[in-house]
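Remarks on the overall topology
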Amino acid sequence: MLATRRKWTAACLGLLAAAFATGAGAQDAFPSRPITMIVPFAPGGTSDVIARIVAEKMSQIIGQRVVPENVAGAGGSTALTRLSRAPADGYTIGISNSGTSAAVYWIHENVPFKPEDFAAVGLIAKTAPMVALRADFPAKNMAEFVEYLKKNPGKVTLGHAGTGSSNHLICLNFIQAAGADIQLIGYRGAAPALNDLLAKSIDGVCDTATSLQSHVLGGNAKAMAVATDTRLAILPDVPTSVEAGLSGFSMQGWNGFFVPKGTPPAVIARLNDVLRQALDSEPVRKRLTELAATPAPDAERSADFLARLVPVEVERYKKLLGK
């Protein structure tokens, strides 16, 4: 009888040990299936380009496909709504920026999410905002453009990626700095706006050098200024806003990864580690640099840094938008 009990106890302990081992193994195995990366805009814009470059390398590192999915609409709010409601398991991540993570709360009423609905994973890259015009626009530089705007109030059209997007904020910052009356036209992403610029259906776009540099270099668009402190190596002939005489046009664009709140810390740490490895990859760094995007420095890649950046940006855009 005693021997039977001992065998039964040993068997139970064995089953418990196996169960714990299986649970630990499952946790350690993240990810065990593909990860969806939500991109809040149509294909071809800055966020989309950066997402795809990093996703490809992350897929190689993590051993599962990281699949970008474009969810356009409402200046990125449609995508962020979906991200906020996704299971908090690490299998749905989203790329966001100052528009979708900060300004959106002051632009759209009754946004169905709040900053606390997301957990930061890490900063990806910084981008250089600029205003570019169609190649045949009469102004040759910023001074001439501002003069043209004041002589033709309400007649110039600038496209952006949708109300609340970071490109929309570039437009608002430019209008405020120039003191100009401009027609703003929102699209479902930066790429559709850029297509209309190249087709000369609009006068210009508010975007980043990441999206615009090839068109500026090719002569299909002309950049008035870059809203950063220094000129870009890839566009050395484009002046900074200060050099162009419009110091108030000053911004720093950024992109970061977020997941739904409640995502296990171990999963966030794993995603952050993979992001860091991707950004340390020479091909990724080279490609981002070629696109006038600066990979986030090591000290700014942590989830904590991005989590602290968001509320600062929320307050910044509250002031910019006069709320």
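Since the structure is predicted, the reported quantities are computational estimates derived from the model, not experimental observations.

Once that is clear, we can look at the side chain of Thr 240. With respect to the helices, strands and loops of the structure, Thr 240 is situated in the loop between strand E9 (221-226) and strand E10 (253-260). A relative accessible area of 4% means that Thr 240 is categorised as buried. Ignoring any residue separated from it by four or fewer positions in sequence, one finds Thr 240 in contact with Ala 225, Val 226, Thr 228, Asp 229, Thr 230 and Arg 231.

This paragraph deals with the confidence of the model for the protein. Put simply, the protein has an average pLDDT of 91, and 91% of its residues get 70 or more. Counting interchain partners and residues more than four positions distant, the pLDDT-below-50 stretch residues 1-27 has zero contacts.

Packing of helix H2 (residues 46-62) against helix H10 (residues 282-290) leaves a shortest axis separation of 10 Å and a crossing angle of 175 degrees. Considering their axes alone, H2 and H10 lie roughly antiparallel with respect to each other. Contacts from Ile 50, Ile 53 and Lys 57 in H2 reach Val 284, Arg 287 and Leu 288 in H10. Split into classes, the residues belonging to the contact of H2 with H10 amount to four nonpolar, no polar and two charged.

Our next topic: the pattern of salt bridges. Tallied over the entire structure, the rule returns 18 salt bridges. As a salt-bridge pair, Glu 69 and Arg 82 come within 2.6 Å of each other at their nearest N and O atoms. Of this pair, Glu 69 sits in strand E2 (residues 66-70) while Arg 82 sits in helix H3 (residues 77-85), placing them 13 residues apart in sequence. Using a relative accessible area of 36% as the deciding quantity, one classes Arg 82 as partly exposed. Notably, a salt bridge pairs Arg 276 with Asp 298, separated by 3.0 Å at the nearest N-O pair. Within this pair, whereas Arg 276 is found in helix H9 (residues 265-280), its partner Asp 298 is found in the loop between strand E11 (293-295) and helix H11 (303-320), the two being separated by 22 residues in sequence. Salt bridges sharing common partners tie together Arg 134, Asp 136, Lys 200 and Asp 203.

Rules behind the numbers
Residues numbered from 1 in each chain as written. Predicted model: local features only at pLDDT ≥ 70, side-chain atom pairs only at ≥ 80, totals over all residues. Heavy atoms only, no water. Helix = DSSP H or I, 4+ residues; strand = E, 2+ residues; numbered from the N terminus. Buried < 20%, exposed > 50% of the residue type's maximum accessible area, 1.4 Å probe, protein only. Contact = heavy atoms within 4.5 Å. pLDDT = per-residue confidence, 0-100. Axes fitted to C-alpha atoms, helices over the stretch in contact; angles between N-to-C directions. Parallel < 35°, antiparallel > 145°, perpendicular 65-115°, else oblique. Nonpolar A, V, L, I, M, F, W, Y, C, P; charged D, E, K, R; others polar. Salt bridge = Lys/Arg side-chain N within 4 Å of Asp/Glu carboxyl O.

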